[in-house]
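Given next are the chains, with one letter for each unit.
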Amino acid sequence: MIMTIPSQKQRLRDGQTVIAVNLGGRNPDVMPALAGAGAHVAFVDCERTGIGLDAATDLIRAAHVAGMSPLVRSWSSDPAVLVQYLDRQADGLVVPHIDTAQDAADAVEVVRYACGDQASRKTVIVLIETAKAVSNLGEIMTVPGVDAFLIGPNDLAYSLIGKRGARTPEVLAVVDDVCRRLAAAGKRFGMPANWDQLDAFRASGATLLYFPIEWLLDRALRELSARLGLR
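Here we summarise the structure given alongside this text. Since the structure is predicted, the reported quantities are computational estimates derived from the model, not experimental observations.

Reading the values: rules and limits
Residues numbered from 1 in each chain as written. Predicted model: local features only at pLDDT ≥ 70, side-chain atom pairs only at ≥ 80, totals over all residues. Heavy atoms only, no water. Pairing = 2+ DSSP bridges. Helix = DSSP H or I, 4+ residues; strand = E, 2+ residues; numbered from the N terminus. Axes fitted to C-alpha atoms, helices over the stretch in contact; angles between N-to-C directions. Contact = heavy atoms within 4.5 Å. Buried < 20%, exposed > 50% of the residue type's maximum accessible area, 1.4 Å probe, protein only. Right-handed = clockwise from strand over helix to strand, strands pointing away. Salt bridge = Lys/Arg side-chain N within 4 Å of Asp/Glu carboxyl O. 1 Å grid on protein atoms, 1.4 Å probe; cavity = no way out; pocket = protein on both sides within 12 Å on 5 of 7 lines; lining within 4 Å. Points joined across faces, edges and corners; volume = space filled by probe spheres on them. Nonpolar A, V, L, I, M, F, W, Y, C, P; charged D, E, K, R; others polar.

## Observations regarding the sheet that holds strand 1 (residues 18-22)
In step 1: Ordered by their spatial adjacency, eight strands build a closed barrel running 1-2-3-4-5-6-7-8, and the pairing between neighbours is parallel. Strand after strand, the sheet turns through a mean of 25 degrees between neighbouring axes, direction not considered.
In step 2: Here strand 6 (residues 148-151) pairs with strand 7 (residues 189-192) via two bridges, running parallel. Residue pairing in the sheet places Phe 149 in a bridge with Phe 189 of strand 7.
In step 3: Each of strand 1, strand 7 and strand 8 (208-212) touches helix 11 (residues 213-228); the most contacted strand, strand 8, lies at about 75 degrees to it.

In C-alpha cells:
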C-alpha cells in the first residue's frame, strides 16, 4: 500500500511556508473558514486552552473534514497522554517539555509505537522553550524523526529571566541565536510571529508560521474599524 504524506508534512519537508492557527479552544465550526482562507494546520491546543480529550477528538475530526491537518499540542510529554491523541487520528504532535535529546527521542518513539507503519506520515514538532533546551539544542537537532521545532518565546523568557513574555535584549538575542542555529542546520522551525515580527522572522529562515486565532481576529477587526472610520 502506498502511503501518502499529509500536505503540511510535505510542505515542511520541502521548505514551504506552513500556516498553523491555534483555534483558541473548542471551535470546530471555524475549520471550513480557516481552510478556505489558506490555513494548513489546525493547531489543537490542549496545553494552554484547557480543552480535554473529547474536545480534541472533535477538533481533529473537524479539521480532517475541512481539509486541514490537525496537530495537537499536548499538555504533557507523558507517552500515555501522547498516544491518546494519535489514537484519535491526529496528524502529529507538538510536544512540550523537551529539554534534552533523549526527551526528543522519546517523543519520536511514542509515535513509532502508537502508529507503526503509519509513523512516517505523522509530524513530530518539539518545543524549544527553556534555557536547558537551548543549551542542549545541538544534540536535540540530531534526533532522527523530528520534523520541526517550535520556539516558545514566552516560556523561554520566563526560563531565562523569570518574566514570561519579556522581550529584553537578552531574550531576543537567545531567540535569534536559536533561529540562526536551526537555519544553519537546515532544520524547519517556527514561532508565534506577531505582525511586527513577521518579516524579520521569515528572513531568519522560519517556515512554520504560528498564529493564535485571536491575533487574526484582532487584525481583521482593527482594519475593518479603520476602514469604517470607527474608534
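Back to the text.
## Overview of the pairing of strand 3 (residues 69-73)
In step 1: Within strand 3, five of the five residues are buried, leaving the element largely enclosed by the surrounding structure.
In step 2: Of the two faces of strand 3, the one holding Ser 69, Leu 71 and Arg 73 and the one holding Pro 70 and Val 72 are both buried throughout.
In step 3: With five bridges connecting them, strand 2 (residues 41-45) and strand 3 associate as parallel partners. From the neighbouring strand, Ala 42 faces strand 3, where its bridge partner is Pro 70.
In step 4: In terms of handedness, the path from strand 2 via helix 3 (residues 53-66) over to strand 3 forms a crossover that is right-handed.
In step 5: With three bridges joining them, strand 3 and strand 4 (residues 92-95) adopt parallel strand pairing. In the strand pairing of strand 4, Val 72 is matched with Leu 93.
In step 6: Since strand 3 and strand 4 lie parallel, the crossover through helix 4 (residues 79-87) that links them has a hand, and here it is right-handed.

## Some thoughts on the pattern of salt bridges
In step 1: Within this structure, the stated rule accounts for ten salt bridges.
In step 2: Note that Asp 147 and Lys 9 form a salt bridge whose closest N and O atoms lie 2.8 Å from each other. With a gap of 138 residues between them, Asp 147 in the loop between helix 7 (137-140) and strand 6 and Lys 9 in helix 1 (residues 7-14) connect regions that are remote in the sequence. Just as Asp 147 is buried, Lys 9 falls in that class too.
In step 3: Of the charged contacts, one joins Arg 73 and Glu 47 as a salt bridge, the two residues approaching to 3.4 Å between their closest N and O atoms. Of this pair, Arg 73 sits in strand 3 while Glu 47 is found in the loop between strand 2 and helix 3, placing the two residues 26 residues apart along the sequence.
In step 4: Because the salt bridges share partners, they merge into one network encompassing Asp 45, Glu 47 and Arg 73.

## What to know about the layout of surface pockets
In step 1: Estimated volume of the largest pocket: approximately 790 Å³.
In step 2: Forming the walls of the largest pocket are 36 residues, and the residues nearest its centre are Pro 153, Asn 154, Met 191, Pro 192 and Trp 215.
In step 3: Counting only elements with at least two residues in the lining of the largest pocket, the list comes to strand 6, helix 8 (153-161), helix 9 (169-184), strand 7, helix 10 (195-203), strand 8 and helix 11.
In step 4: In terms of residue count, the dominant contributor to the lining of the largest pocket is helix 9 (six residues).
In step 5: Across the lining of the largest pocket, the residue classes tally to 16 nonpolar, nine polar and eleven charged.
In step 6: The volume enclosed by the second largest pocket comes to roughly 160 Å³.
In step 7: Those elements that provide at least two residues to the lining of the second largest pocket are strand 1 and helix 2 (31-37).
In step 8: The element best represented in the lining of the second largest pocket is helix 2, accounting for three residues.
In step 9: When grouped by side-chain class, the residues that make up the lining of the second largest pocket number eight nonpolar, one polar and no charged.

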